[in-house]
2 protein chains.
Amino acid sequence: MVRVRIEDVAAEAGVSMKTVSRVLNEEPNVSERTRERVREVVERLQYRPHPSARVLAGRKSYLVAMLYDNPSSNYLMEVEQGVLDACQAQHYNLMLAPLVYDAKDIVSKVESLVLQSRLDGVVLTPPITDDAALLARLDELDIPWSSVSPTERNRRIGVIVDEPSAVAEMIGHLASLGHRRIAHIKGHPAHGASHWRLAGYREGMQRAGLALDEALIADGEFSYDSGFAATNGLLDLPDPPTAIFAANDDMAAGAIGAVCERGLSVPRDISICGFDDTPIARHIYPSLTTVRQPTREMGRLAGVELLKAIRDRGQGGMVVVPYTLQLRRSTGPRKA
Amino acid sequence: MVRVRIEDVAAEAGVSMKTVSRVLNEEPNVSERTRERVREVVERLQYRPHPSARVLAGRKSYLVAMLYDNPSSNYLMEVEQGVLDACQAQHYNLMLAPLVYDAKDIVSKVESLVLQSRLDGVVLTPPITDDAALLARLDELDIPWSSVSPTERNRRIGVIVDEPSAVAEMIGHLASLGHRRIAHIKGHPAHGASHWRLAGYREGMQRAGLALDEALIADGEFSYDSGFAATNGLLDLPDPPTAIFAANDDMAAGAIGAVCERGLSVPRDISICGFDDTPIARHIYPSLTTVRQPTREMGRLAGVELLKAIRDRGQGGMVVVPYTLQLRRSTGPRKA
DNA sequence: ATGAAAGCGCTAACAG
DNA sequence: CTGTTAGCGCTTTCAT
């Protein structure tokens, strides 16, 4: 089994190398008949261009990187799979770039990464999506970038879900179960998602006509432990909440842990809900009511939009994907 | 910022391109003085070889693939990170190759992958580790391969933990808590791990001097749902177990769900333990007693051993890494 | 121990 | 619309 080269295809199709190259790269100036013939030969010979030769000769690297901070979160790994889906479909390579989000030298780190590896573009994930200096530098270098769930929603290219509406709807669900004292455990302050989820909480409370008690808004940082601690604080309040909306599933899991630890029961004594629909949501007891974001699909779309922009600056945009409320067993009617 | 090429280094050091190349690739036939001088210039100019040029000109691809079946398991993503650690450290690229494990055409699929992408080697994960036909073909093609937790432990290159001992120790722990009727939920039959964990269960029971009741050995397939179903079966037994060892954490989570569903309590009414120490183990209530495998480290070592073999056939071997018992809250004394 | 020349397989720039 | 020529930056081969 010896490798088929572009020359072989050209000979077989009775055209020049360059014509084959044009067909492969969907460049203009090839007649439809020739195009067809070349495609047929490519298919028959199972020809695949040699990636390194392509990169070396051309000005594109066919390489994009995904920049991320927390390498072991479930969420990120789902996104990664999605980005990978998009890249593989278009024969791009994906480079994983774990970054310690230390604002000090992040710009220069990314800069050398981009230059050294000749990246064609980058996918940004929270909270790196919100580093203004980095975004500015990428623009200067003319490197297309695409963001997953950036805080600034009108930022050119990327994917978002309408988080405030999702949360407001979730609060509405709790209200419809009779809850009036609904608490919120906030996410990590550096993540834009925390901001939008809090906004959705406020809006949901208002829409449901419920009083906003600042004592019911607790600090968290997206981790299990922070959800656990925040819940203990809430339960110690003189007039504790009957429902808690945690800004993500990990914190909701922590909340359930804290409630169970006190010998209370979810949802009988208190309802808990989260956000993300990570695998854990189905695997804890009781199963978690949460907002489902199509995480993998979001990664894929972020990749697709980025590749559009790479092919043609000016293409690619901000895609809004739908969320869904996953009503499971951790929420129920307010205790009589 | 223009790219430094090997020519620039050569000129600066007053030698030929080829000499620089020799130093870079640690080839012989360069005097120590020259070597030093070249290294100094490389450092000063911050020179990095262009990966594509290297691949195109040479016979190595600097590319290894990780073959896997189930793309969304926590376990696999940890392993992947580890393999990535090893690759990045040695400037190799990692290609992710999700494969539908359908024994029929897996050999030819892998074959074309290896040939088309010119892989220098592959990392295999369960259950692909155990496909004899595939292993034979890789050997024929002279492609080095490294396995993570293969069933056959004397298979040349890879990483394992001593699973039978780990499980036997866990059973010993349960026995020391007074449990005598200890059940086991088996893993997926196609995975070698299932075999070893069952063996460890039998051995542990024997060592503890406990009777082996085949009715207490239930089928599972590593999923939450299969653990849930198996547990329901066990609890319906005329003389149900007081402790359950599930072959992985997901099934243990399912077991806890099934127990809670019946209004029973873990560990008061029944003890549950798992295997793997995935993130879920700390995030469910009660937190899960389990066997910790250093998953990411295992991926890294599989990568390291593979790269040794790539550099020099005959190098690389089977590494045994230590396990640890993570005693948490899901196991306790047998109910009086 | 070192170097010169000839590609690797493709695309860019320029001709027709 | 199509083809020719000259590299991309490195490693290989073969001299010296």
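Calculation notes
Residues numbered from 1 in each chain as written. Chains lettered and ligands numbered in written order. Predicted model: local features only at pLDDT ≥ 70, side-chain atom pairs only at ≥ 80, totals over all residues. Heavy atoms only, no water. Pairing = 2+ DSSP bridges. Helix = DSSP H or I, 4+ residues; strand = E, 2+ residues; numbered from the N terminus. Contact = heavy atoms within 4.5 Å. Axes fitted to C-alpha atoms, helices over the stretch in contact; angles between N-to-C directions. Near = heavy atom within 4 Å. Polar contact = N/O pair within 3.5 Å; in protein donor to acceptor, adjacent residues only side chain to side chain. Nonpolar A, V, L, I, M, F, W, Y, C, P; charged D, E, K, R; others polar. Buried < 20%, exposed > 50% of the residue type's maximum accessible area, 1.4 Å probe, protein only. Arc of directions from axis to C-beta. Buried area = accessible area lost by both parts, 1.4 Å probe. Salt bridge = Lys/Arg side-chain N within 4 Å of Asp/Glu carboxyl O. Domains from an automatic or database assignment. Phe/Tyr/Trp six-rings, centres within 6.5 Å; stacked < 30°, edge-to-face > 60°. Lys NZ or Arg CZ within 6 Å of the ring centre and 35° of its normal. Core = buried A, V, L, I, M, F, W, Y, C linked by side-chain atoms within 4.5 Å. Parallel < 35°, antiparallel > 145°, perpendicular 65-115°, else oblique. Left-handed = near helix turned anticlockwise from the far one by under 90°.

> Is there a simple way to explain the sheet that holds strand E9 (residues 271–273) of chain A in this structure?
Strand pairing in a sheet takes place through backbone hydrogen bonds and is either antiparallel or parallel in direction. Residue and element names in this part refer to chain A. Strand order in the open sheet formed by 4 strands is E7-E6-E8-E9, with parallel pairing between adjacent strands. In this open sheet, the two strands that pair with only one neighbour each are strand E7 (217–218) and E9. Here helix H11 (residues 249–261) sits on the sheet and contacts strand E6 (182–185), strand E8 (243–246) and E9; the angle it forms with E9, its principal contact strand, is near 160°.

> Whenever I open this one, the protein's contact with DNA strand C confuses me. Can you help?
Taken together, 26 residues sit near DNA strand C, with Ile6 and Tyr47 of chain A together with Thr19, Asn29 and Ser31 of chain B positioned nearest. The sugar-phosphate share of atoms of DNA strand C within 4 Å of the protein amounts to 68%. Between DNA strand C and the protein, one listed contact pairs a base oxygen with a side-chain N or O atom of arginine 22 of chain B at 2.8 Å. Elements supplying a minimum of two residues to the surface near DNA strand C: helix H2 (17–24) and helix H4 (51–57) of chain A together with helix H2 (17–24) and helix H4 (51–57) of chain B. Residue composition of the surface near DNA strand C, by class: 10 nonpolar, 9 polar and 7 charged.

> Please explain helix H6 (residues 106–116) of chain A as it appears in this structure.
Owing to its 3.6 residues per turn, the α-helix brings residues three or four apart onto one side. Those residues of H6 of chain A that fall on the buried side of the exposure criterion are Ile106, Val107, Val110, Leu113 and Val114 of chain A. On an axial view of H6 of chain A, the arc spanned by its buried residues comes to 130°, and they lie on one face.

> I keep staring at the interface of chain B and chain A and nothing clicks. Help me out?
How big an interface is tends to be expressed through the accessible area that disappears when the partners come together. On the chain A side, the residues contacting the 35 residues of chain B number 35 residues. In total, chain B and chain A occlude about 3,400 Å² of area from one another, counting both sides; carbon and sulfur atoms represent 56% of this. A per-residue breakdown of the area chain B buries against chain A is headed by Gln116, His283 and Tyr285 of chain B, which together make up 20% of the total. Taken together, the connections running from chain B to chain A amount to 0 salt bridges. Inspection of the chain B/chain A interface yields 3 residue pairs in polar contact (both at pLDDT 80 or more). Of all the elements in the fold, those that place two or more residues in the side of chain B that touches chain A are H4, helix H5 (74–89), helix H6 (106–116), helix H11 (249–261) and helix H12 (280–283) of chain B. Examining the composition of the side of chain B that touches chain A, we find that 7 residues originate from one element, H5 of chain B, more than from any other. Its residues assigned to classes, the side of chain B that touches chain A shows 16 nonpolar, 10 polar and 9 charged.

> I'm lost on the domain arrangement of chain A in this one. Help?
Segmentation of chain A into domains returns domain 1 (6–49), domain 2 (60–161 + 295–324) and domain 3 (164–293). Each of domain 1 of chain A and domain 2 of chain A has a C-alpha centre, and the two are 33 Å apart.

> I keep staring at the packing of aromatic side chains and nothing clicks. Help me out?
Two descriptors summarise a pair of aromatic rings, namely the distance from one centre to the other and the angle between the planes of the rings. Tallied over the entire structure, the rule returns 4 aromatic pairs over all chains. Each ring, one from tyrosine 62 of chain B and one from tyrosine 92 of chain B, has its centre 5.3 Å from the other, and the planes form 55°; the classification is tilted. One end of the pair, tyrosine 62 of chain B, is in the loop between H4 and strand E1 (63–68); the other, tyrosine 92 of chain B, is in the loop between H5 and strand E2 (93–98), with 30 residues separating them in the sequence. Since its relative accessible area comes to 13%, tyrosine 62 of chain B is described here as buried. Sitting over the ring of phenylalanine 275 of chain A, arginine 197 of chain A keeps its end group 3.8 Å from the ring centre. Over the ring of tryptophan 196 of chain B we find arginine 153 of chain B; its NZ or CZ atom is 4.2 Å from the centre of that ring.

> Help me understand the nonpolar core in this model?
One finds Ile182, Tyr201 and Ile272 of chain A together with Ile182, Tyr201 and Ile272 of chain B to be the most contacted residues of the largest nonpolar core, which totals 88 residues. The contact partners of tyrosine 201 of chain B, leaving out residues within four places of it in the chain, are Val167, Ile171, Ile182, Ala183, His184, Leu212, Leu216 and Ile217 of chain B. Among the nonpolar cores identified, the runner-up in size contains 50 residues, and Tyr62 and Cys87 of chain A together with Val64 and Met66 of chain B belong to it.

> I keep staring at the sheet that holds strand E5 (residues 158–161) of chain B and nothing clicks. Help me out?
Residue and element names in this part refer to chain B. Reading across from one edge, E2-E1-E3-E4-E5-E11 is the order of the 6 strands in this open sheet, with parallel pairing throughout. Strands at the two margins of the open sheet, each flanked by one partner only, are E2 and strand E11 (318–321). Within this sheet the neighbouring strands show an average axis-to-axis angle of 20°, counted without direction. Pairing between E1 and strand E3 (residues 121–124): 4 bridges, direction parallel. Its bridge partner being in E3, leucine 67 is matched across the sheet by leucine 124. Against the sheet, H5 touches E1, E2, E3 and strand E4 (145–148), its axis set at about 170° to E1.

> I tried to follow the pairing of strand E6 (residues 182–185) of chain B on my own but got confused; where do I start?
The side chains of a regular strand alternate, first on one face of the sheet and then on the other. All names here are of chain B. With burial as the criterion, each face of E6 is covered, one bearing Ile182 and His184 and the other bearing Ala183 and Ile185. Where E6 meets strand E8 (residues 243–246), 4 bridges bridge the pair, whose relative direction is parallel. Residue alanine 183 lies in a different strand from E8, and its bridge partner there is isoleucine 244. In the sheet, E6 pairs with strand E7 (residues 217–218) via 2 bridges, with the strands oriented parallel. Bridging from a neighbouring strand, isoleucine 185 pairs with alanine 218 of E7.

> Even after reading the chapter, I still don't get the packing of helix H10 (residues 224–235) of chain B against H11 of chain B, so can you show me in this structure?
When two helices pack together, their arrangement is given by the angle between the helix axes and the distance between those axes. Residues and elements named next belong to chain B. Close contact between H10 and H11 brings their axes to 7 Å; oriented N to C, the two are set at 45°. Comparing the axis directions of H10 and H11 gives the class oblique. Here H10 runs over H11; the crossing is right-handed. Contact with H10, carried on its side by Tyr224, Ser226, Gly227, Phe228, Thr231, Asn232 and Leu235, involves Asp250, Met251, Ala253, Gly254, Ala255, Gly257, Ala258, Val259 and Glu261 of H11 and no other residues of that element. A breakdown of the residues in the contact of H10 with H11 according to their chemical character gives 8 nonpolar, 6 polar and 2 charged.

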